[in-house]
Amino acid sequence: MFILYIIFGLILVGAIGLGNSLRVVKQYERGVVFRLGRVTSEPKQPGMTAIVPFVDKLEKVNLQIVTMPIPAQDGITRDNVTVRVDAVIYFKVVDSRKAIVDVEDYQLAVSQVAQTSLRSIIGQSELDDLLTNRERLNQGLAIMIDSPAVDWGVHIDRVEIKDVALPETMKRSMSRQAEAERERRSRVIIADGELQASNKLAQAAEKMADTPSALQLRLLQTIVEVAAERNSTLVLPFPVELLRFLEGNTPKDSAAADSAANASSSDADAPADTAPSDAPDEGDPALTSADLDEMMRALAASVKLTETDPAEESPPTNAPSEEGTDEGGRV
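What comes next is a walk through the structure. (Residues numbered from 1 in each chain as written. Predicted model: local features only at pLDDT ≥ 70, side-chain atom pairs only at ≥ 80, totals over all residues. Heavy atoms only, no water.)

1. Quick look at the sheet that holds strand β6 (residues 66-76)
Across the sheet, 3 strands lie side by side as β6-β7-β8; this open sheet has antiparallel pairing. The open sheet is flanked by β6 and β8 (154-165), the only strands paired with a single partner. Strand-to-strand twist in this sheet, taken as the mean axis angle between neighbours without regard to direction, amounts to 25°. Relative to β8, strand β7 (residues 82-93) runs antiparallel, the two sharing 10 bridges. Across the sheet, residue Phe91 finds its bridge partner in β8, namely Ile156. In the packing of helix α3 (residues 106-124) onto the sheet, the strands contacted are β6, β7 and β8, and the crossing angle to β6 comes to about 35°. Against the sheet, helix α5 (residues 134-149) makes contact with β7 and β8, and its axis sits at roughly 140° relative to β8, the strand it touches most. (Pairing = 2+ DSSP bridges. Helix = DSSP H or I, 4+ residues; strand = E, 2+ residues; numbered from the N terminus. Axes fitted to C-alpha atoms, helices over the stretch in contact; angles between N-to-C directions. Contact = heavy atoms within 4.5 Å.)

2. Structural notes on α3
Compared with an ideal rise of 1.5 Å per residue, which puts 19 residues at 27 Å, α3 spans 27 Å between its outermost C-alpha atoms and is within 8% of the ideal. Among the residues of α3, Tyr106, Ala109, Val110, Ser111, Val113, Ala114, Gln115, Ser117, Leu118, Ile121 and Ile122 are the ones counted as buried. Tucked into the core, α3 has its buried residues touching β5 (56-62), β6, β7, α2 (96-101), α5 and β8. (Expected span 1.5 Å × (residues − 1). Buried < 20%, exposed > 50% of the residue type's maximum accessible area, 1.4 Å probe, protein only.)

3. Focus: the pairing of β7
Here 9 bridges tie β6 to β7, and the two strands are oriented antiparallel to one another. Pairing of Gly75 across the sheet is with Val83, part of β7. What sits between the antiparallel neighbours β6 and β7 is a turn of 5 residues, in which Asn80 has the positive phi angle 60°.

4. As for α5
Between its first and last C-alpha atoms α5 spans 22 Å; for 16 residues at 1.5 Å apiece the expected length is 22 Å, and the two agree. Among the residues making up α5, those that are buried are Leu137, Asn138, Leu141, Ala142, Ile145 and Ala149. Down the axis of α5, the sector holding all buried residues measures 135°, keeping them to one side. (Arc of directions from axis to C-beta.)

5. Examining unusual backbone geometry
The residue Leu36 is not glycine, and still its phi comes out positive at about 55°. Its place among the elements puts Leu36 in the loop between β2 (29-35) and β3 (38-39). Taking relative accessible area as the criterion, Leu36 reaches 70% and is therefore assigned exposed. Despite not being glycine, Asn80 has its phi angle at roughly 60°, a positive value. Mapping Asn80 onto the fold places it in the loop between β6 and β7.

6. A look at the nonpolar core
With 37 residues, the main nonpolar core has Val83, Ile89, Phe91, Val154 and Ile156 as its most contacted residues. Of all the elements in the fold, those that place two or more residues in this core are β2, β6, β7, α3, α4 (127-132), α5 and β8. At 8 residues, the largest contribution of residues to this core is made by α3. Each residue touching Ile156, except ones within four places of it in the same chain, is listed here: Ile89, Tyr90, Phe91, Val110, Ala142, Ile145, Asp146 and Ala149. (Core = buried A, V, L, I, M, F, W, Y, C linked by side-chain atoms within 4.5 Å.)

7. A word on the packing of α3 against α5
In a packed pair of helices, the relevant descriptors are the angle between the two axes and the axis-to-axis distance. For the pair α3 and α5, interaxial distance at closest approach is 9 Å and the crossing angle is 140°. The orientation of α3 with respect to α5, classified from their angle, is oblique. Crossing angle aside, the handedness with which α3 passes α5 is right-handed. Contacts between α3 and α5 involve Val113, Ala114, Ser117, Leu118, Ser120 and Ile121 from the former and Leu137, Gly140, Leu141, Met144, Ile145 and Pro148 from the latter. Residues of the contact of α3 with α5, tallied by class, amount to 9 nonpolar, 3 polar and no charged. (Parallel < 35°, antiparallel > 145°, perpendicular 65-115°, else oblique. Left-handed = near helix turned anticlockwise from the far one by under 90°. Nonpolar A, V, L, I, M, F, W, Y, C, P; charged D, E, K, R; others polar.)

Take a look at the structure:
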């Protein structure tokens with residue numbers, strides 16, 4: 001009976017030892033074996049592995065890519081703008097032995113070096129680079145973090161800047177800058193359109209100059225388009241040539257206008273029963289083109305007459321009579 005107990009105890013001890021000696025390493029892991037405190041030559045590969053119970057200690061290292069957010073860091077850019085930048089880092093362990101032996105906690109070490117490198121990148125960059133040229137900054141940040149991480153058996157796969165938080169005053173300034181830029185573009189586009197339209201109008205004017213009837217047809221078409229809107233007022237263009245004619249002849253006829261004013265005042269002083277000798281007869285012939293020109297000149301002179309002093313145009317009130325008596329009744 002005693003022998004059975006011994007055999008049963010040995011079986012139990014063997015089962016416990018076998019359970020302590022067998023380990024399962026997953027596909028994305030590697031096992032680092034410490035035998036009495038010393039690391040064996042090669043890490044254990046995925047699968048079932050055996051170690052010496054109570055002598056060996058197995059440490060598993062994850063070889064998957066780790067996604068670690070970098071806490072937001074406050075900094076001042078090279079152009080003296082206060083910003084708050086956060087990022088994310090992707091890394092993985094390529095040497096499990098270094099990751100276990102050479103550094104106490106490789107994830108904490110990577111996190112700390114990522115924060116300090118992010119602060120350095122903020123101080124070396126300008127605000128425009130942080131907003132528009134992030135790809136170059138990401139590459140520079142990855143190189144800065146990867147330099148010390150190589151000695152820890154860690155490879156930095158990628159670093160991405162997530163967000164750049166700006167002060168409210170800077171946001172308002174940037175919005176005003178963007179609005180001014182849009183306004184500048186709109187004005188340039190409008191000016192370009194006006195230039196193209198003027199070129200087309202100049203070409204059309206050259207074509208119409210060769211064919212005067214085209215200008216009349218265009219005027220009639222414009223009248224039809226305006227009349228289609230049922231407007232009560234129709235505005236027609238006034239010939240510019242007539243205005244130029246009046247403007248060119250007004251200074252020349254100023255002397256004639258003065259003489260006409262003097263003649264009118266002398267006629268007012270004359271007796272009432274005298275008639276002007278140069279009054280036109282009713283039987284004058286039809287007006288000619290020379291007469292029309294004289295009428296236009298007279299029209300310009302009349303404009304000048306309206307600007308003269310009204311005292312010169314009014315006849316004298318105390319005109320002497322042909323026959324009169326004195327206070328005593330003497331003729």
